[in-house]
Amino acid sequence: MDLIISVLGLLTLSLEGIRCQGVYAPPTVRIVHSGHACNVEEERHTERVYTIREGETLELTCLVTGHPRPQIRWTKTAGSVSDRFQDSSVFNDTLHISKIQRHQGGRYYCKAENGLGSPAIKSIRVDVYYLDDPVVTVHQSIGEAKEQFYYERTVFLRCVANSNPPVRYSWHRGRDVLSQGSDKGVEIYEPFFTQLQGETKILKLKNLRPQDYANYSCIASVRNVCGISDRNVVFKLTNRTASPSIKLLVEDPIVVNPGQTVSLVCITTGGEPSPTLSWVSSSDSLPEKSVVKGGTLTLPGITSDDAGVYSCVASNNVGNPAKKSTTIVVRALKKGRFWITPDPYHNDDNIQIGREVKISCQVEATPPEELTFGWLKNGRALRSSERMVITQTDPDISPGTTNLDIIDLKFTDFGTYTCVAALKGGGIPEISIDVNISSTTVPPSLSVPRGKSPLVVREGDTVELECLVSGKPKPIILWSRADKEAPMPDGSMQSESYDGVLRIVNVSREMTGSYRCQTSQFNGFNVKPREAVVELIVQYPPSVEPVSLELRQGLGRSVSMNCRVLRAHPSRVLRYEWRLGNRLLHAGHFDQSDETEYTVKSLTREGWGEYTCDVINEAGAGRCTFLVTGKAFPPEFYYDTYSPLWQNRPRVYSFKLQWTQMNPNTVDRIVAYRLGIRQTGLQRWWEQEIPVEGTITKGELITHNLTELIKPEAYEVRLTPITRFGEGDSTIRTITYSAPVNPHLREFHCSFEEEPICMFTQDKNDDFDWTRHSAATRDTKYTPNTGPSDDRRGSKQGFYMYIETSRPRKEGDVARLVSPFFNVAPKNPYGMANPPAYCFGFFFHMYGKHIGTLNAFLRQKGHAAPEAPAWSLSGNQGDRWKQAKVSIHPTASFQVVLEGIRGPGIEGDIAIDDVTLEEGECRDLPPINRISSAPPSSAHIWSLSVTLAMTFLWGRR
């Protein structure tokens, strides 16, 4: 029903145009903060510093003015210099970081720009406070280190804790506090190479005495800043205290076959306190499949990727950690290759009878010292002889290589020679390489087939570059760029081909150039490489600009469109075609110019539409597209309206909607606006057309009053300009309700619907804070059986204030909410014989078996704090909102204070809503009223102070 009433009210909206040319303004910006700040220093060395505890929520809001509405961008520097919100910027007015971490500290900038003047920039430095647990390490003086700390030894206890701000340390022996000079056998100092603030952290025990064997506590403190409590660590020093020592129960190196399970066992052989064992590897991290249990590291199903150095590290914070390492070697054979070398003493690449020929075979082996080679001829074992010399190259010169030298080649030597590589330990398959030596064994030759160079293709095609290779055995062909040092299409500098063909899919214009094909010495002759070059020419359609452009113009005016060629191949014989839809308008050829223009001298309705200009060469066409339209530009909502919201009835409010029109003279005259409005969360739009009389000028501010809006609901408003062309671009904004604070009204009302909460503040001397809340945003982990399920008016979206009594709150904890100052001036300038009366009212919700107490105090400027509340109530009042009223009689500027006291348990949430302050004594007192002062004669309520009014209005902006 409320929605129907509000919609009917909207049909009575009024329109007024304010002829104003000064509305457009460059941006201004300021940063306000909420969230969980410990402290905010507004000016410190000319900068604002926001201090927050690690793990809390950072919330910074960028408040801007300016028209059109400025675009907001958050960026960050300092702290982690490269940390810019994961390489991006935040474009919201509010920057929200949950559970902030120390690396997220630094300077945050809010930049606002709207195209007028220079961008507005403000910054705030965020200082993240934290304190890690301290760590105590023990060291013996140099030259006196033994396995244990005996008498007459000097010992240093060093305490270190990461923190911000700098930490202060204190030392205790047992329950006694240690300080410089308190014990002749103890010195406390800080090493000269540190520059940390605060107390010292090194405890020196000179010539250990029996009483020095005790429990030592190091307490690290940041003075409870941000509520960070002190951290401490205890170290027990005895005559058995010793640095760690360990032993590995494995060989070094460990050689295994792939697939085996390897267990590395590490045991401690000394150390007090008992050392902690850990494993690390040379690859920075242990394999994912590894299992660590105590001092044993197990690697199941080991592979070559798991090979490396593994180290066992023992630490007990005494002396230096102990470290022992072993190397795991995983057996492997791979990459078998061969090459044939003709007689090096003759300048001939061919194999000839009576001359020498050498066959080389190379294999990558792990471990290389286990590699063995064998040679076969036609399947039968071959032994080294005077004519068949088998050698193995020095591993330092050419690892994993064996050679077979055939001296004085004969016809009987022709056949198939096989090189067999194996590892001595077994378990790894052998690698066999066959090489055929015969009268047909000839060195390679390389050529490009006729008609295959140059190759002319179109961009996007698939092309095959081909080199013909002959010879026996046929070698691998290596492809690379011949014209420049550049990678191949697959990203590598060199590509292998077994058939001499290089296939390129989706060829691009950048691939134009020369490609070299070259024989490889592997799997072929070890002779000077043969090579050839293939030229590739990639043709592509013209690149043009603009690719797409919208032109807005009114009827009867001229429109010019220009299409320019950026590049094309081939660049000759370019022609163009202008079209409107499918209708050809104009065609021609380019001469010396690289652009073409088409002009519509007088735009008609038939002239609106999509114009295209196709620029054509042999490879295809590039297209410029122009959308010529009479569509009006979007309205620009004005967000800097002074006091846009007002209310004249209890359940509804009104809003002054203002906007300007972007580029109103570019298209035909705007004849009307279509206004759409809907309640947030609903689907249906209610629309109304607003006629416009006369011509709108640039910068003219238009005002439209929205009435009958239901409190405290928010609304979406959509505004669309209309011309002879039809509807233009729409703009949408959201309107939210907030209780107005106006110094000229005769009453004060606050329903906490906006974050400034009507200038209420949290008392700095209480135990915890009141929380602004709504049922729609309530955490699913809230405590059941206490607290309201909606605001005082029954809205899930409405806000209220409440005290959260869950842990860590304890019985008796107090939270105070303090109103702004209200000025009181007497009617009689010579005194205040009859102080004025005001009715202070509010709604409360006190439901739960652990409800404590709700108090209301009157606090007057220049007066002592009141001992007794003006109103008080305790205990469970049921699951419903109730009203309280109390008459107050201040004699000076005053504040009202609402105090919530936590009861004996977690089911004790107390809530308040709709706080009011009205002129005169309270009437129609609710039956629940508990304490009220006596009613004197009525008087006038004075307005809020000018400072309060201006501050609130600025905050609203």
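Residues numbered from 1 in each chain as written. Predicted model: local features only at pLDDT ≥ 70, side-chain atom pairs only at ≥ 80, totals over all residues. Heavy atoms only, no water.

Going by the annotation in an unreviewed UniProt entry, the name recorded for the chain is MAM domain containing glycosylphosphatidylinositol anchor 2, with Esox lucius given as the source organism.

(A) Highlighting the overall build of the chain. Scanning the chain from terminus to terminus reveals two helices and 71 strands. Pairs at least 24 apart in sequence give 70% of the contacts found in the chain among residues at least 6 apart. As presented, the chain carries roughly 48,500 Å² of accessible surface, and 49% of it is formed by carbon and sulfur atoms. (Helix = DSSP H or I, 4+ residues; strand = E, 2+ residues; numbered from the N terminus. Contact = heavy atoms within 4.5 Å. Areas by Shrake-Rupley, 256 points an atom, 1.4 Å probe, with all protein chains shown as cover.)

(B) Representation of the sheet that holds strand β30 (residues 380-382) within the structure. If you walk across this open sheet you meet the four strands as β30-β29-β33-β34, and the pairing is antiparallel. On the outer flanks of this sheet lie β30 and β34 (431-437), each paired with one strand and no other. Ignoring which end each strand starts from, the neighbouring axes of this sheet average 35 degrees apart. (Pairing = 2+ DSSP bridges. Axes fitted to C-alpha atoms, helices over the stretch in contact; angles between N-to-C directions.)

(C) Seen up close, the pattern of salt bridges. Going through the model one piece at a time under the given rule, you end up with 38 salt bridges. Its salt-bridge partner being Asp-132, residue Arg-102 comes within 2.8 Å of it at the nearest N-O pair. Highlighted residues: Arg-102 in the loop between β7 (94-97) and β8 (106-113) and Asp-132 in the loop between β9 (120-131) and β10 (135-140), separated in sequence by 30 residues. Residue Arg-102 is classed as partly exposed on the basis of its relative accessible area of 31%. We classify Asp-132 as partly exposed; its relative accessible area is 25%. Among the salt bridges present, the one from Glu-577 reaches Arg-579, with a minimum N-O distance of 3.2 Å. On the basis of relative accessible area, Glu-577 is assigned to the buried category, the value being 18%. Given the relative accessible area of 23%, Arg-579 is considered partly exposed. Connected through salt bridges with shared partners, the residues Arg-173, Asp-183, Arg-209 and Asp-212 form a single ionic network. (Salt bridge = Lys/Arg side-chain N within 4 Å of Asp/Glu carboxyl O. Buried < 20%, exposed > 50% of the residue type's maximum accessible area, 1.4 Å probe, protein only.)

(D) Broad picture of the state of the cysteines. Here the structure, examined in full by the defined rule, presents eight disulfides. Note on cysteine connectivity: Cys-563 is disulfide-linked to Cys-624, with sulfurs 2.1 Å apart. Taking the sign of the S-S torsion, about 70 degrees here, the bridge from Cys-563 to Cys-624 comes out right-handed. Note that Cys-563 is positioned in strand β46 (residues 559-569) and Cys-624 in strand β51 (residues 620-629), a separation of 61 residues in sequence. (Disulfide = S-S within 2.5 Å.)

(E) Summary view of the side chain of Arg-481. Here Arg-481 shows up in strand β39 (residues 477-481). Among the polar contacts listed, one links the side chain of Arg-481 to the backbone oxygen of Thr-512, at a separation of 3.1 Å. Among the polar contacts listed, one links the side chain of Arg-481 to the side chain of Tyr-515, at a separation of 3.4 Å. Once residues within four sequence positions are removed from consideration, Arg-481 is found in contact with Ala-486, Pro-487, Met-488, Glu-510, Met-511, Thr-512, Gly-513, Ser-514, Tyr-515 and Arg-516. (Polar contact = N/O pair within 3.5 Å; in protein donor to acceptor, adjacent residues only side chain to side chain.)

(F) Structural detail: the sheet that holds strand β28 (residues 357-366). Across the sheet, which stays open at both edges, the five strands sit in the order β31-β32-β28-β27-β43 with mixed pairing between neighbours. Unpaired on one side and paired on the other, β31 (388-392) and β43 (524-525) mark the two borders of the sheet. Pairing of strand β27 (residues 332-342) with β28, which is carried by nine bridges, proceeds in the antiparallel orientation. Across the sheet, residue Arg-337 finds its bridge partner in β28, namely Gln-362.

(G) Quick peek at the packing of aromatic side chains. Across all of its chains, the model carries 16 aromatic pairs by this definition. Measuring from centroid to centroid gives 4.8 Å for Tyr-653 and Tyr-737, while their planes differ by 55 degrees, and the two rings are tilted. A residue pair is termed long-range when its members are at least 10 positions apart, and Tyr-653 in strand β54 (residues 652-661) and Tyr-737 in the loop between β60 (731-735) and β61 (747-750) qualify at 84 residues. For the pair shown, Tyr-653 and Tyr-737 are each scored as buried. An aromatic cluster of at least three residues, connected via ring pairs, comprises Trp-578, Tyr-598, Tyr-611 and Phe-626. The residue whose ring lies beneath Arg-509 is Tyr-540, and the NZ or CZ to ring-centre distance is 3.8 Å. (Phe/Tyr/Trp six-rings, centres within 6.5 Å; stacked < 30°, edge-to-face > 60°. Lys NZ or Arg CZ within 6 Å of the ring centre and 35° of its normal.)

(H) Quick peek at the pairing of β39. Burial runs high along β39: five of the five residues are buried. The side-chain alternation of β39 yields two buried faces, one formed by Ile-477, Trp-479 and Arg-481 and the other by Leu-478 and Ser-480. Bridging between β39 and strand β40 (residues 495-497) involves three bridges; their strand directions are antiparallel. Considered in β40, the bridge of Leu-478 is made with Glu-496.

(I) Up close: the pairing of strand β64 (residues 799-803). β64 sits mainly inside the fold: five of its five residues count as buried. Residues Phe-799, Met-801 and Ile-803 point to one face of β64 and Tyr-800 and Tyr-802 to the other, with burial holding for every one of them. Strand direction decides the pairing type here: strand β63 (residues 771-774) and β64, joined by four bridges, are antiparallel. Residue pairing for β64: Ser-774 is matched across the bridge by Phe-799. Pairing between β64 and strand β71 (residues 910-919): three bridges, direction antiparallel. When the sheet's bridge partners are listed, Met-801 is paired in β71 with Ile-912.

(J) Representation of the nonpolar core within the structure. Phe-752, Phe-760, Phe-840, Phe-842, Leu-854, Trp-871 and Ile-912 are the most contacted members of the largest nonpolar core, which has 35 residues in total. Considering each element in turn, this core owes the most residues, five residues, to strand β66 (residues 838-846). Contact partners of Phe-752, with chain neighbours within four places excluded, come to Ile-757, Phe-760, Arg-772, Phe-799, Tyr-800, Met-801, Leu-817, Ile-912, Asp-913, Asp-914 and Val-915. (Core = buried A, V, L, I, M, F, W, Y, C linked by side-chain atoms within 4.5 Å.)

(K) Expanded view of the environment of Phe-91. Examined against the element boundaries, Phe-91 turns out to sit in the loop between β6 (71-77) and β7. Separated by 17 residues in sequence, Phe-91 and Trp-74 have C-alpha atoms that sit 6.3 Å apart. Those residues within four positions of Phe-91 in sequence are excluded, and the remaining contacts are Ile-72 and Arg-73.

(L) The confidence of the model for the chain, seen in detail. Looking at the chain, pLDDT values average 84 and 87% of them are 70 or higher. Counted against residues more than four places away or in other chains, residues 1-21, with its pLDDT under 50, gives 51 contacts. Within the model, pLDDT remains below 50 along residues 741-745, and this stretch shows eight contacts once partners closer than five positions in the same chain are excluded. (pLDDT = per-residue confidence, 0-100.)

(M) Focus on the environment of Gly-841. Relative to the assigned elements, Gly-841 resides in strand β66. For Gly-841, a relative accessible area of 2% gives the class buried. With 45 residues separating them in the primary sequence, Gly-841 and Val-886 have C-alpha atoms 6.4 Å apart. Beyond its immediate stretch of four places on either side in the chain, Gly-841 contacts Ala-884, Lys-885, Asp-914, Val-915 and Thr-916.

(N) Region of the structure containing the environment of Gln-392. Tracing the sequence through the fold places Gln-392 in strand β31. With relative accessibility at 47%, the residue Gln-392 sits in the partly exposed group. Remark: the alpha-carbon pair of Gln-392 and Thr-372, spanning 20 residues in sequence, is separated by 9.2 Å. With residues near it in sequence (within four places) discarded, Gln-392 still touches Leu-371, Phe-373, Thr-401 and Thr-402.

(O) View of unusual backbone geometry. In this structure, the amide linkage connecting Asp-252 to the following residue, Pro-253, adopts the cis form with an omega of 0 degrees. Tracing the sequence through the fold places Pro-253 in the loop between β19 (242-248) and β20 (254-256). Of note, the phi angle at Arg-223 is positive, near 60 degrees, even though the residue is not glycine. Secondary-structure assignment places Arg-223 in the loop between β17 (215-221) and β18 (231-236).

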